[in-house]
Number of protein chains: 2
Amino acid sequence: MVMTDTQKKTIYDIAKRAGASPSTVSAALNGTWKKRRIAQATAERIIEIAREHGYSANLQARALRTSRSGLVALLMPEYNRFFSNIAQTFSQEVRARNQCPVIISTGRDPDEERSTVADLTSWSIDAIFFVGTVAPDDLSHQCRAAGIPHVFVDQPCAIAPSVVTDSRTGARILTREIIASMTKRGRSFGDDPRETVYFVGGDRTLPSTKNRVDGFSEEMYAQVGQISAKQILASTYDLEAATRTITELYAQLGGLPAGLFINSDSVFEGTLRFLATLPEHELSACSFGCFDYEPFGQLLRFPVHMMRQRHKMLVQRAFALLENETPPVIEYVQPELYRAAD
Amino acid sequence: MVMTDTQKKTIYDIAKRAGASPSTVSAALNGTWKKRRIAQATAERIIEIAREHGYSANLQARALRTSRSGLVALLMPEYNRFFSNIAQTFSQEVRARNQCPVIISTGRDPDEERSTVADLTSWSIDAIFFVGTVAPDDLSHQCRAAGIPHVFVDQPCAIAPSVVTDSRTGARILTREIIASMTKRGRSFGDDPRETVYFVGGDRTLPSTKNRVDGFSEEMYAQVGQISAKQILASTYDLEAATRTITELYAQLGGLPAGLFINSDSVFEGTLRFLATLPEHELSACSFGCFDYEPFGQLLRFPVHMMRQRHKMLVQRAFALLENETPPVIEYVQPELYRAAD
DNA sequence: ACTGGTTGCACAATCGGTTGTGCAAGTGCG
DNA sequence: CGCACTTGCACAACCGATTGTGCAACCAGT
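Below, the structure is looked at part by part. (Residues numbered from 1 in each chain as written. Chains lettered and ligands numbered in written order. Predicted model: local features only at pLDDT ≥ 70, side-chain atom pairs only at ≥ 80, totals over all residues. Heavy atoms only, no water.)

1. Some thoughts on the packing of aromatic side chains
All names here are of chain A. Within the structure shown, the criterion is met by 27 aromatic pairs over all chains. Ring centres of Phe129 and Phe319 lie 4.6 Å apart, and the angle between their planes is 50°; this geometry places the pair in the tilted category. You can see Phe129 sitting in strand S3 (residues 127-131) and its partner Phe319 sitting in helix H13 (residues 311-323), a full 190 residues away along the chain. A single burial state applies to Phe129 and to Phe319, both of which are buried. Among the aromatic side chains, those forming a connected cluster through ring pairs are Phe199, Phe216, Phe261 and Phe291. (Phe/Tyr/Trp six-rings, centres within 6.5 Å; stacked < 30°, edge-to-face > 60°. Helix = DSSP H or I, 4+ residues; strand = E, 2+ residues; numbered from the N terminus. Buried < 20%, exposed > 50% of the residue type's maximum accessible area, 1.4 Å probe, protein only.)

Right, here's the structure in full:
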C-alpha cells in the first residue's frame, strides 16, 4: 500500500493517475463500466490503481447525487434487554445488506422522536425501523411526507406495515401456565381476593399492554369464569412504580396472591426488589409468570415462567415487509414460552 | 404549516420565495448573517419563510461542502448490559451536542472493526468512540490516517486517549470484600484447595481482565500471603465456557470453594446456570463477588457483591478528552462497590 | 472511398449547500 | 459636491460523486 498522501483520494486523483476521466473511474469502480462501454482492461487498471491508493468514495457526495444514503435507522425508546436484542439483530441484518445501521434511542419522548425523524430525513436515510415508539401515526405521516420507507416493530401502526408480537395469544398461554402452576401448588380460586392471579405493570394505553391484559382476562375468564378489574394493575412500565405496586398489593391482601402475571422485564426487576425481601415459603406458594425473557429469571429462588419475544424473527419479518413494499398490514409473531421447572 | 409540496425544499426554493439569493438564505439560516452583514429584518423574514415551508437542510450537501458530517460513532462488540449502558449515555451526550449518534456493533471481529472504520471515514465522521475493541492500535492508526479524532473506552490504547475503569484497584476492593465475607462465614484459608477464592472468566490477553487478575492476586497476597496460579481460571468471556469452568471446578474440588471472583456479567450468567442447580446450604457457604453490575444479582438466593462500572463517567470523561484534544493518556475511572447484605 | 454501426471514452450538468469576493447604494464628513 | 467608508446583498466557485450525451476512432460492408 502506497501511503503517499494521507489526504483523501477522489475519483479525480485516480483519474489523473490512470489517465482517464472521472466518469470513467466512477463507472469502473461502480461496476457499471459494462453498461457504459468501458473496455474491461481500462476498468481493471482503474480498479487496481484505486486499490493501491486506498481510495474510498466520499459517501456524502454519492448520497447528494443519488439521494440514497445507504443508511438505515432504528429508533427505539431505550437500551433495555429486549430493545438491545432487537438492536443487535437489526445491526447484523443491515450490515448483511451492505448498508450502515444507525441506532438512536429517543427515551419515549414524542418530541424527540419527531425531531429525530426530521434529522434522519435530512440525511436521506433509506429506511426507518420504529421500535416501541409512542406516536406511530405521526411518525408514519412524517416519513410518508419525506418518502421514506418505514416499518413498525413491537408497536402496531394503522397506516404502515407493522410486525408485532402476538401479545394476546402469548398472554393467554402464559396465564394458562400460571394457573396450571397454581393448581399444582394446591391452590384454587376462591372468594378470598388472594386466591387468584394479578396482572402487574405496563401501560394500558399502549397496544402491547392492552393486548396482554386482554389475553390475560380471556384466559382467566375461560378457566375461572370470572375476572375482576381489581386484578389488573397496569399503569406504567416504570421500575420504581412496579416496586410500589407490588408492595401495596401485598399490604392490601395481607400476603402474596396465588399468582402474578408480570408485564415486562423492567416490571420484573421492580417487583423483585420487593419479593427479594420475603421469606422463602411465601415465594414458593406463589406462581409467577413474566411477559419477557430475562436469563437471570431462571436463576431465582423460585420458578418463573417467561414469554420470550422472538426478536430475531420480528426484525427479519420487518425487513421482509419493507423489501416487498407491503401495504399497511400488521403481522404477528408468536412468542415462545419458557416453562420453569415447577 | 403549509404543505404545498411534499417535495424537499432547498435554499433555492426559499430564496425564490423570499426574493433573496441562496447565499443570503444560507447565512440567515446558519446564524452567520451578522458576520455576512445581512440586515436583521431580512434574516428574520427568511427564517420565518423557511419555517413555514418546513425547510430542513440537506445534510449530505452540507457535509460535502464542509467535510464535517455531524455524525459521531460508537463502535462496540455487542449489546450486553454494560455496553448497552454505554451506548445509552453516549447517545444522550451526542444528542446534547446537536450531533447524531451512530452506534455499530462489530461482534469482536477485527476485520469487521477495520472495515467499519473505513466505512465511517467515508462518511467524514466527526469522531469515533471505541469501546472494548480487539485491536486498538490498528484502529487508531486508521483513524489518524484519516484525520478522525477518536477515543478508547474500557480498553486502553497506547497511542490514543483512553478512558478505562481502574480494574486493578476495583479488583482489589472486590477481593477484599469477598475475603471479609468469607471470614464472616467462619471460613479461613487453609491447605484444603477449597479454602480460598477462585477467579473465574474473562480473557487474560485483554488488559481489563489482566488488571483484574493482578488486583485480585495482589489483594490475595496481601491478605493471605499466598496465591496460586490454579486459582485463576480466566480464558474467555464466553457464557457457555463459564458454565463448564465452574462445573469442572466444583467436580475437582468436591464442592464449591470458599469464595468466587466472577469476572463480568456474561460469566456471571454462565456460572449461575450451574449454581442454580445446587442446594441452598452449599451456596450460602460460599462468598461471591462479580466484577460488573447486574440488577438481578441483588435478587438471588445468596448475596453477591458487585463492582459497578461507572458508564456515565466513562463516557463523559471520554468526551472531555476528545474535546480538549488531549495527547495519548490513559484516564482511570474508579468503579463502585455494591455491597450485598451478607 | 463513403456510409452506417459500433466501441470507448470524455464533457459537462447536477445534487444542495457554504463561503470568498465584488459591487451598488447609502451614510458621514469636509 | 466629492470622497471614503460602511451596509446589504448577489455571484460564482467550490465539495466529490453520478449520469445523460456527444464525439472521435475504428470496423465492416458496398
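Alright, that's what it looks like, and here's the rest.
2. Brief notes about helix H4 (residues 59-66) of chain A
Among the residues making up H4(A), those that are buried are A:Leu59, A:Gln60 and A:Ala63. Within H4(A), the buried residues cover an arc of 100° as seen down the axis, which keeps them to one side. Looking at the buried residues of H4(A), the elements they touch are helix H4 (59-66) and helix H6 (110-122) of chain B. Capping of H4(A) at its N-terminal end is provided by A:Asn58; its side-chain oxygen lies 2.8 Å from the backbone amide nitrogen of A:Gln60. One or two steps after H4(A), the chain reaches A:Ser67, where phi turns positive at roughly 50°. (Arc of directions from axis to C-beta. Contact = heavy atoms within 4.5 Å. Polar contact = N/O pair within 3.5 Å; in protein donor to acceptor, adjacent residues only side chain to side chain.)

3. Some details on helix H11 (residues 265-275) of chain B
With nine of eleven residues buried, H11(B) lies mostly within the body of the structure. Of all the positions in H11(B), only B:Asp265, B:Val267, B:Phe268, B:Glu269, B:Gly270, B:Thr271, B:Leu272, B:Phe274 and B:Leu275 are classed as buried.

4. Some points on the sheet that holds strand S12 (residues 336-338) of chain B
All names here are of chain B. The mixed open sheet is built from six strands, whose spatial order is S7-S6-S8-S9-S10-S12. Both outer strands of the open sheet, strand S7 (232-233) and S12, are each paired with one neighbouring strand and no more. Sheet analysis places strand S10 (residues 304-308) next to S12, joined by three bridges and oriented antiparallel. What sits directly across from Met306, in S12, is Tyr338. Strand contacts of helix H10 (residues 239-253): strand S6 (197-200), S7 and strand S8 (259-262), with the helix running at about 155° to S6, the strand carrying the most contacts. (Pairing = 2+ DSSP bridges. Axes fitted to C-alpha atoms, helices over the stretch in contact; angles between N-to-C directions.)

5. Considering the interface of chain B and chain A
How big an interface is tends to be stated in terms of the accessible area lost upon association of its parts. The interface of chain B with chain A comprises 46 residues on the first partner and 47 residues on the second. Taking both sides of the interface into account, the surface hidden between chain B and chain A amounts to around 4400 Å²; carbon and sulfur atoms contribute 57%. Looking at the side of chain B facing chain A, the largest losses of area belong to B:Gln60, B:Trp123 and B:Phe296, adding up to 17% of the total buried there. Taken together, the connections running from chain B to chain A amount to four salt bridges. Between A:Glu269 and B:Arg81 there is a salt bridge whose closest N-O contact spans 3.7 Å. For the side of chain B that touches chain A, the elements supplying multiple residues, two or more each, are H4, helix H5 (81-96), strand S2 (100-105), H6 and H11 of chain B. Residues belonging to the side of chain B that touches chain A are distributed by class as follows: 22 nonpolar, 13 polar and eleven charged. (Buried area = accessible area lost by both parts, 1.4 Å probe. Salt bridge = Lys/Arg side-chain N within 4 Å of Asp/Glu carboxyl O. Nonpolar A, V, L, I, M, F, W, Y, C, P; charged D, E, K, R; others polar.)

6. Focus: the nonpolar core
By size, the foremost hydrophobic cluster in this structure holds 55 residues, and its most contacted members are A:Leu275, A:Phe288, B:Leu275 and B:Phe288. Among residues more than four places away in sequence, those in contact with B:Phe288 are B:Ile178, B:Leu256, B:Leu260, B:Ile262, B:Leu275, B:Leu283, B:Phe302, B:Pro303, B:Val304 and B:His305. Judged by nonpolar contacts, the second largest core, of 48 residues, contains A:Leu314, A:Val315, B:Ala87 and B:Ala318. (Core = buried A, V, L, I, M, F, W, Y, C linked by side-chain atoms within 4.5 Å.)

7. As for the protein's contact with DNA strand D
Among the 28 residues in the neighbourhood of DNA strand D, the closest are listed as A:Ile11, A:Arg36, A:Arg65, B:Thr24 and B:Ala39. In DNA strand D, atoms within 4 Å of the protein come 46% from sugar and phosphate. Within the side chain of A:Tyr12, an N or O atom sits 3.0 Å from a base nitrogen of DNA strand D. For DNA strand D, a base nitrogen lies 3.0 Å from a polar atom in the side chain of B:Ser23. Where the surface near DNA strand D is concerned, the elements lending two or more residues are helix H1 (11-18), helix H2 (22-30) and H4 of chain A together with helix H2 (22-30) and H4 of chain B. The element contributing the most residues to the surface near DNA strand D is H4(A), with five residues. Of the residues in the surface near DNA strand D, the class split is ten nonpolar, eleven polar and seven charged. (Near = heavy atom within 4 Å.)

8. Examining the packing of helix H8 (residues 167-184) of chain A against helix H9 (residues 207-224) of chain A
All names here are of chain A. Contact geometry for H8 and H9: axes closest at 7 Å, N-to-C directions at 45°. The pairing of H8 with H9 is recorded here as oblique in orientation. Judged by the twist between their axes, the crossing of H8 over H9 is right-handed. Judged by residue contacts, Ser167, Arg168, Ala171, Arg172, Thr175, Arg176 and Ile179 of H8 engage Ser208, Asn211, Arg212, Asp214, Gly215, Phe216, Glu218, Glu219, Met220, Ala222 and Gln223 from H9. (Parallel < 35°, antiparallel > 145°, perpendicular 65-115°, else oblique. Left-handed = near helix turned anticlockwise from the far one by under 90°.)

9. Details of the relation of the copies chain B and chain A
Two chain copies here: they are related by a rotation about an axis and a translation along the same axis. Overlaying chain B on chain A yields an RMSD of 0.2 Å, the required transformation being a rotation through 180° with an accompanying axial translation of 0.1 Å. Those values place the two copies in the arrangement expected of a two-fold rotation axis. (Least-squares fit on C-alpha atoms with pLDDT ≥ 70 in both.)

10. Here's the deal with empty space enclosed by the protein
All names here are of chain B. For the coordinates displayed, the defined rule picks out three cavities of 30 Å³ or more. There is about 50 Å³ of room inside the largest cavity. Asp154, Pro156, Val164, Thr165, Ser167, Pro207, Ser208 and Asn211 are the residues that line the largest cavity. Listed by contribution, the elements that provide at least two residues to the lining of the largest cavity are strand S5 (162-165) and helix H9 (207-224). When residues in the lining of the largest cavity are grouped by element, the largest group, three residues, is from H9. When its volume is computed, the second largest cavity comes out at roughly 40 Å³. Considering the residues around the second largest cavity, the lining is formed by Val200, Gly201, Leu233, Ser235, Thr236, Ala241, Ala242 and Thr245. If one sorts the elements of the lining of the second largest cavity by residue count, H10 sits on top with three residues. (1 Å grid on protein atoms, 1.4 Å probe; cavity = no way out; pocket = protein on both sides within 12 Å on 5 of 7 lines; lining within 4 Å. Points joined across faces, edges and corners; volume = space filled by probe spheres on them.)

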